[in-house]
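Analysis of the macromolecular model
Given next are the chains, with one letter for each unit.
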Amino acid sequence: IVALNDELAISLLMTIDESFSFLRTAGAELARKLQAAAGPIEMVCSAATLGIAVGQLVAISFGLDRQVVLQKTQKIHLQGDRSLSEALSSITTGTPQKLLLDKRHLHLVAGKRVVFVDDVISSGGSCAAALRLLRAAGATVVGVGAILVEGQGWRKQLGEADAALVSNLGTIPLFRPQADGHWAEDWNC
């Protein structure tokens, strides 16, 4: 459990610290659930950084040879008019961020049946930004996958239609402080 501030804590899943066997299993299972919910999928998109490994393994499970990664830092090749961008807010990052889609990859998503995959959906801010960005690029978003979802607050952020697209492997709570100094599960936030 990691405190974000005095009022809220989260369970931390660091996909980059997990074993390959865990990630292979999670990627294959998530792909199975997405395929059952969304039908044919032409491209997998993920967000840097912790969603990349999950996206790779989901794409491999679909028999795809690549994924499209939405970046969170403006690398040299994404500056100026070289990328599409969308503002985002994230529960784990206190500063404003942007998701960036390299314009060289537009042809990989435009007009395609796309799923967005991430490690965890908590507040829903990153996921909502990704869906806006992919749709602005011409993608038809047919599913959203996450290893875990935290609480229920992400549903409001995504809206009813996009929340219905989410397939996940597990649900975990967020945590609120108690008078005795311990953290208590909060499944509703």
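Remember, it's a predicted structure, so these values are computed and weren't measured experimentally.

Some words on the environment of L158
Turning to its location among the elements, L158 is positioned in helix α5 (residues 153–158). Its relative accessible area of 9% is what places L158 among the buried residues. Not counting residues within four places of it along the chain, the set of residues in contact with L158 comprises G124, C127, A128, L131, A163 and V166.

Considering helix α1 (residues 20–38)
Over its 19 residues, α1 extends 26 Å from the first C-alpha to the last, a length consistent with the 27 Å expected when each residue adds 1.5 Å. Every buried residue of α1 is listed here: L23, A26, G27, L30, A31, L34 and A38. Down the axis of α1, the buried set is contained in an arc of 135°. They therefore lie on one face. The exposed set on the far side of α1, more than 90 degrees from its buried face, consists of T25 and A36.

Considering the packing of α1 against helix α2 (residues 52–61)
Orientation of α1 relative to α2, taken along the N-to-C sense of each, is 60°, at an axis distance of 8 Å. Put simply, α1 runs oblique to α2. Crossing hand, α1 versus α2: right-handed. Of the residues in α2, those touching α1 at L23, R24, G27, A28, L30, A31 and L34 are A53, V54, L57, V58 and S61. Residue composition of the contact of α1 with α2, by class: 9 nonpolar, 2 polar and 1 charged.

Let's talk about the nonpolar core
Core analysis: the biggest nonpolar cluster contains 30 residues, and V109, F116 and L134 have the highest contact counts within it. Once residues within four sequence positions are removed from consideration, V109 is found in contact with M43, C45, V68, L101, V114, L134, A137, G138 and A139. Formed by 18 residues, the second largest nonpolar core is a distinct cluster that contains A26, L30, V58 and I172.

Considering the confidence of the model for the protein chain
Per-residue confidence for the protein chain gives a mean pLDDT of 92; residues scoring 70 or more make up 97%. Ranking the helices and strands of the protein chain by mean pLDDT puts helix α6 (residues 160–163) first, with 98, and strand β6 (residues 93–102) last, with 83.

Observations concerning the pairing of strand β10 (residues 174–177)
Here β10 pairs with strand β11 (residues 183–186) via 4 bridges, running antiparallel. Each residue of the ladder has a partner; that of R176, found in β11, is A184. Between β10 and β11, which pair antiparallel in sequence order, lie 5 residues; one of them, G181, sits at a positive phi of approximately 90°.

Concerning the side chain of D162
Among the secondary structure elements, D162 is positioned in helix α6. For D162, a relative accessible area of 15% translates into the label buried. Residues within four places of D162 in sequence aside, it is in contact with L131 and R135.

Describing the pairing of strand β8 (residues 140–150)
Burial of β8 is extensive: 10 of the 11 residues sit out of reach of the surface. With 8 bridges joining them, strand β7 (residues 113–121) and β8 adopt parallel strand pairing. Its bridge partner lying in β8, V120 is registered against L148. Summarising the sheet, β8 and strand β9 (residues 166–172) pair through 6 bridges and their orientation is parallel. Bridge assignment links A146 to a residue of β9, and that residue is N168.

Concerning the sheet that holds β9
The strand order across the open sheet formed by 5 strands is β4-β3-β7-β8-β9, and the pairing between neighbours is parallel. For this open sheet the edge positions go to β4 (68–70) and β9, each flanked by a neighbour on one side alone. Between one strand axis and the next, the sheet turns through 20° on average, direction left out of account. Where α2 meets the sheet, its contacts fall on β3 (43–47), β4, β7 and β8, and the angle it forms with β3 comes to roughly 170°.

About the cut-offs
- Residues numbered from 1 in each chain as written.
- Predicted model: local features only at pLDDT ≥ 70, side-chain atom pairs only at ≥ 80, totals over all residues.
- Heavy atoms only, no water.
- Helix = DSSP H or I, 4+ residues; strand = E, 2+ residues; numbered from the N terminus.
- Buried < 20%, exposed > 50% of the residue type's maximum accessible area, 1.4 Å probe, protein only.
- Contact = heavy atoms within 4.5 Å.
- Expected span 1.5 Å × (residues − 1).
- Arc of directions from axis to C-beta.
- Axes fitted to C-alpha atoms, helices over the stretch in contact; angles between N-to-C directions.
- Parallel < 35°, antiparallel > 145°, perpendicular 65-115°, else oblique.
- Left-handed = near helix turned anticlockwise from the far one by under 90°.
- Nonpolar A, V, L, I, M, F, W, Y, C, P; charged D, E, K, R; others polar.
- Core = buried A, V, L, I, M, F, W, Y, C linked by side-chain atoms within 4.5 Å.
- pLDDT = per-residue confidence, 0-100.
- Pairing = 2+ DSSP bridges.

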